[in-house]
Amino acid sequence: MSPMQPSFPRNAERTRERACLSTRALACFWALLCAACLILASAPAAWADVRATDLILGETVEARGLPAVACPNVTAQYAMLMDDAGTVYFARDADASTHIASITKVMTAIVALENASLEDTVTPEAAQIGESTASLQAGDTLTMKAALTGLMVSSGNDAAIAIADTVGASLKTSDDQTANEAFVAAMNAKAAELGMENTLFANAHGLDIGQYDNEMYSTAHDVALMCQHAMKNETFRDIVAQDKAQITVKRGSGDAFVINLVSTDLLLGVYEGACGIKTGYTEQAGNSFAGACQRDGSYLYAIVLGAPSENARFEDAEALFNWVYANQVSYPLAHSSQMASMTRDGATVEVPLIAEVPFTAWPDKRVKATLAQPDATVEVFALRGNVSQRLSYRELNGDVKAGDVVGSIEFYQNNQVIASQDLVAVEDAAAPDVLQRIGIWWDRLWQGLSGAPTTAEPVVLNEVPLIYSKSSTAASADSLPQAADAAAAADSDAADDQASSNENSSASDAAAEPSQDQASSSDDEAN
């Protein structure tokens, strides 16, 4: 090729190579992007997690060795699940201080209900203060019950101010104290009375911006105590259970004006048993919710503070409720493969054999026994631990009739008695006569000298099946990294736990009987 020959062909070739490389790079980029989208689409709700430090019945997930699939998956920074008896099933940083926004209004309602009549007249003196509202206007008059409905259903900040001014006027302890100051003092006094040790209220509505940016805080644990107390009041329960409500105010010339309210609680009417309480949102508090659920006559309280979105707070509450309900087990007390016929009240029935109790009048006989209530069950929470049993027996020196109490049995979970039953004889059994007793006395004398047993050993036939085995769920989901080793170790102890659960004791000294339409929202205070 001549030195003067143009180099266009080589330049064109390089251009084609660069274009090819660019095309390949772009294709790789799109492939990676599509793969990422597929992964995200199949992933659980954003940010939902299970933490090794989450507490299950007071013990960390890590210490219990639980797989993640066995624990509630929530997004909130702080959370707690408690029942109406005070049992704390789940806690995440539940004693850490945070803002609770409009959940504050639960205490506002408590103080009003305990210091005013439902027929008291409330007159808002100020116009709306902004954010969530019950659509009240200055000069309106309404009953205290209507004001409380506007407070709790639509999260009215205007209702909160009106209630504090009205009730606080009767709570003032000095002329220098304003009605609002007196009301807030009563809120904090009530918090102290309820054992809310890490709570400070600064106003009746929970706003924490602008003129309301004062020191205030609470915890998930304290909120649970507050809600538990509030739900003891029937009026409070009736108000917060409404997904929609109407209140009537007198306005202007005194004409009645009806205001339609829509609850901020999105679980009402959607989730089985949901019975309300309160939502909350400010920028500092995040999306929060204190919700109650009632099934079978008992309440659960889910406290969710600092969730990443409005929907997430409700999803977290559902996750906590679902987790508890899924782990509630109706556990039959009788688990025996052996059955026997027993005549009771003139009818012959098949009953499970629970034990063979030593017939102490004889050296080698036993009495077959069943439960006084063979079909009895007990409600247990699976993650509390497996069930164990302890049997004790009476001295049987005389004739035994079917149905006679011959002992007792107690059932334990986590070292606490969860049920007890009398053991009753399945059949009649005769005691030895006089001559037989003499022979038995001599036999026992020699047996005693030789160290041989003088009565038959008891036989336990009832079993206590495992309720929960860590390995049963560990294989179906990834466990927490910190808890994986503990889970494996815990399962290796399961056999020992099961063996010891059949513990029985012969208690010869147990002769006694065991005997305007709204969906209020804003950037600073959504609800």
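Residues numbered from 1 in each chain as written. Predicted model: local features only at pLDDT ≥ 70, side-chain atom pairs only at ≥ 80, totals over all residues. Heavy atoms only, no water.

**Student:** Go over helix 5 (residues 157-168) with me, naming the residues and quoting the values.
**Tutor:** Compared with the 16 Å implied by 1.5 Å per residue over 12 residues, the 16 Å span of helix 5 between its first and last C-alpha is a close match. With 10 of 12 residues buried, helix 5 is to be regarded as a mostly interior element. Listed as buried for helix 5 are Asn-157, Asp-158, Ala-159, Ala-160, Ile-161, Ala-162, Ile-163, Ala-164, Val-167 and Gly-168. Where helix 5 is buried, its residues contact helix 3 (105-115), strand 5 (121-122), helix 4 (144-152) and helix 6 (179-193). (Helix = DSSP H or I, 4+ residues; strand = E, 2+ residues; numbered from the N terminus. Expected span 1.5 Å × (residues − 1). Buried < 20%, exposed > 50% of the residue type's maximum accessible area, 1.4 Å probe, protein only. Contact = heavy atoms within 4.5 Å.)

**Student:** Explain unusual backbone geometry to me, using residue names and the numbers behind them.
**Tutor:** For Asp-93, which is not glycine, the phi torsion reads 45° and is therefore positive. Secondary-structure assignment places Asp-93 in the loop between strand 4 (88-92) and helix 3. Look at Ser-155: it is not a glycine, yet its phi comes out positive at around 60°. Along the polypeptide, Ser-155 turns up in the loop between helix 4 and helix 5. A relative accessible area of 0% places Ser-155 in the buried class.

**Student:** Could you give an account of helix 3, naming the residues involved and the relevant values?
**Tutor:** Within helix 3, 9 of the 11 residues are buried, leaving the element largely enclosed by the surrounding structure. For helix 3, the full list of buried residues reads Lys-105, Val-106, Met-107, Thr-108, Ala-109, Ile-110, Val-111, Ala-112 and Leu-113. On its buried side, helix 3 packs onto helix 4, helix 5, helix 6, helix 7 (220-230), helix 8 (234-240) and strand 9 (274-282).

**Student:** Quick one: what's the story with the environment of Asn-397, residue by residue and with numbers?
**Tutor:** By the secondary structure assignment, Asn-397 is in the loop between strand 18 (387-393) and strand 19 (405-413). Put simply, Asn-397 and Pro-432 are 35 residues apart on the chain and 8.8 Å apart in space, counted from C-alpha to C-alpha. Sequence-distant contacts of Asn-397, that is, excluding residues within four places in its chain, are made with Thr-360, Ala-361, Ala-431 and Arg-437.

**Student:** Describe the sheet that holds strand 1 (residues 55-56), listing the residues and the values that go with them.
**Tutor:** Backbone hydrogen bonds are what pair the strands of a sheet, in a parallel or an antiparallel way. Strand order across the open sheet formed by 7 strands is 2-1-4-3-11-10-9, with antiparallel pairing between neighbours. Single-partner strands in this sheet number two, and they are strand 2 (59-60) and strand 9. Alignment of strand 9 against strand 10 (residues 286-295), held across 7 bridges, turns out to be antiparallel. Bridging from a neighbouring strand, Ile-277 pairs with Gly-291 of strand 10. Those strands touched by helix 9 (residues 310-326) are strand 1, strand 3 (78-83), strand 4, strand 9, strand 10 and strand 11 (298-307), and its axis lies near 145° from that of strand 11. (Pairing = 2+ DSSP bridges. Axes fitted to C-alpha atoms, helices over the stretch in contact; angles between N-to-C directions.)

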